[in-house]
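# Coordinate inspection notes
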Amino acid sequence: MAARTKDTTPNWRQRGGWTPGWEFRRWGKAFISRVPGGIGSFLRRSLYGFAACGKDCLLLEGVWVEYPERLSLGEHVNIARDVIINAAGTVQIDDWALLGPGVIIYSQDHVFDGIEVPISMAADKRAPIRIGRGAWVASRAIITAGVTIGDGAVVAAGAVVTHDVAPNTLVAGVPARIIRERVPAEKGSAGDTRE
Ligand SMILES: CC(C)(COP(=O)(O)OP(=O)(O)OC[C@H]1O[C@@H](n2cnc3c(N)ncnc32)[C@H](O)[C@@H]1OP(=O)(O)O)[C@@H](O)C(=O)NCCC(=O)NCCS
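Structure report, in brief. Please read these numbers as outputs of a predicted model, since none were measured by experiment. (Residues numbered from 1 in each chain as written. Predicted model: local features only at pLDDT ≥ 70, side-chain atom pairs only at ≥ 80, totals over all residues.)

### Description of the overall build of the protein chain
The helix and strand tally for the protein chain stands at three helices and 19 strands. Counting only C-alpha atoms and orienting by the principal axes, one finds that the protein chain spans roughly 85 × 40 × 25 Å. Taken over 195 residues, the protein chain has a buried fraction of 27%. Taking the intrachain contacts of the protein chain between residues at least 6 apart in sequence as the baseline, contacts between residues at least 24 apart amount to 19%. (Helix = DSSP H or I, 4+ residues; strand = E, 2+ residues; numbered from the N terminus. Buried ≥ 20, exposed ≤ 12 C-beta atoms within 10 Å, placed from the backbone. Contact = placed C-beta atoms within 7 Å.)

### Points about the sheet that holds strand E1 (residues 52-53)
The five strands lie next to each other as E1-E4-E7-E12-E15, forming an open sheet whose pairing is parallel. Each end of this open sheet is capped by a strand with a single partner; those strands are E1 and strand E15 (148-149). Pairing analysis gives two bridges linking E1 to strand E4 (residues 71-73), with the strands arranged parallel. From the neighbouring strand, Ala-52 faces E4, where its bridge partner is Ser-72. (Pairing = 2+ DSSP bridges.)

### A look at the site of the ligand
Looking at the ligand, the residues that line it are Ala-80, Gly-100, Ala-138, Ser-139, Ala-156, Ala-157, Gly-158, Leu-170, Ala-172, Gly-173 and Ile-179. Class assignment for the residues of the shell around the ligand results in seven nonpolar, four polar and no charged. (Near = placed C-beta within 6 Å. Nonpolar A, V, L, I, M, F, W, Y, C, P; charged D, E, K, R; others polar.)

### Comments concerning unusual backbone geometry
Peptide bonds are, in most cases, trans, and in most cases residues other than glycine have a negative phi. Look at the link from Val-174 to Pro-175: it is a cis peptide, with omega at -5 degrees. Within the secondary structure, Pro-175 sits in the loop between strand E18 (169-172) and strand E19 (177-181). One non-glycine residue with positive phi stands out, namely Asp-82, at about 60 degrees. Phi at Asn-168 is positive, roughly 55 degrees, even though this residue is not glycine. Position of Asn-168 among the secondary structure elements: in the loop between strand E17 (160-161) and E18.

### Considerations on the sheet that holds E17
The five strands are arranged E3-E6-E9-E14-E17 in an open sheet whose pairing can be described as parallel. The sheet is open, and its two edges are formed by strand E3 (64-66) and E17, each paired on a single side. For strand E14 (residues 142-143) and E17, the ladder comprises two bridges, and the chain directions are parallel. In the strand pairing of E17, Ile-142 is matched with Val-160.

### Considering the pairing of E18
Of the two faces of E18, the one lined by Thr-169 and Val-171 is fully buried and the one lined by Leu-170 and Ala-172 carries no buried residue. Pairing between strand E16 (residues 154-155) and E18: two bridges, direction parallel. Residue pairing across strands places Val-155 opposite Val-171, the latter belonging to E18. Here E18 pairs with E19 via four bridges, running antiparallel. When the sheet's bridge partners are listed, Thr-169 is paired in E19 with Glu-181.

### What to know about the pairing of E19
With respect to burial, E19 is a largely exposed element, only zero of its five residues being buried. Turn length for the E18-E19 hairpin, with the two strands adjacent in sequence and antiparallel, is four residues, and the turn residue Gly-173 shows positive phi of about 95 degrees.

### With respect to the environment of Gly-89
Examined against the element boundaries, Gly-89 turns out to sit in the loop between strand E6 (84-86) and strand E7 (91-93). In sequence terms Gly-89 and Asp-164 are 75 residues apart; their C-alpha atoms lie 16 Å from each other. Aside from chain neighbours lying at most four places away, what touches Gly-89 is Ser-107, Gln-108, Arg-126, Ala-127, Pro-128, Ile-129 and Ala-145.

### Section: the nonpolar core
Grouped burial of nonpolar side chains is what soluble globular proteins tend to show. Core analysis: the largest hydrophobic core is formed by 41 residues, its most contacted members being Val-137, Ala-141, Ile-143, Ile-149, Val-155 and Val-161. Mapped by element, the contributors of at least two residues to this core are E4, E7, strand E9 (104-106), strand E12 (129-131), strand E13 (136-137), E14 and E16. Here Ile-143 is in contact with Ile-105, Ile-129, Val-137, Ile-149 and Val-161, once residues within four sequence places are set aside. (Core = buried A, V, L, I, M, F, W, Y, C linked by C-beta atoms within 7 Å.)

Below, the structure is given as C-alpha cells:
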C-alpha cells in the first residue's frame, strides 16, 4: 500500500496572512454595514475610512467597500442597499451620482493568462473607475475595472459595463450598448418640474 503523503499546500489563512486583527476588523465592518437608517449611513461615512467623502452622502444598509482608503465620494452621492465597491484600483464617485440597489463596482481583476497556477493564486490587476457627476447606475449593474461613466450618463438595470460611457448617454445590456442620448427636457414635459 502506498504511503500517504502529507498535504503541505498552504490553506486560505496562510495564503492571505490571516491575523486576529483582520478577523476583528471584518466583524466590525460587517456590523457597521448592516446598521439601518441615517445612523447607519453616518457610521459608514465616518468609520469606513474613505479617501474623501463630501457632505450629504447617503450610504444605505449593506454598502460594502473593499480598500475604502482608495474611494473618493463627492457631495450628495446616493448609494442604495447592498452596493459592493472594490476600490483597489481607485474609485471616484462625483457629486450627485446615484447607485441603485445591488450595484457592483470592481476596480480589481484576477490575472488569468498563465494556466500553470490556480487563478486564485495569481497576481491581480487594477485600473481606476470614475462615476461622473449626476450619473445614475441602476440596480444590479456591474462596472468593470478601468471604466469611466460620463457625467449625467444612465446605466440601465443589470447592465455589465466594459467600456467608457459618454456623458448623458443611456446604456443597457450585457455587454452594455448605447440605447439613446439624454436631452434637455422640453418645458412643460413630464420630466421638467420647473415653473
Ligand atoms: C433604463 C430604464 C430607466 C428605461 O429607460 P427608457 O428610456 O424608458 O427606456 P425604454 O424602456 O424606452 O427602453 C429602450 C430600449 O432599451 C431596452 N432596455 C431598457 N432597459 C433595459 C435594461 N435594463 N436592460 C436591457 N435593455 C433595456 C428596452 O428593451 C428598449 O429596447 P427596444 O427599443 O429594443 O425595445 C429602465 O429600463 C431601467 O433600467 N430602470 C432602472 C430601475 C432601477 O434599477 N431602479 C432603481 C432605482 S435606483
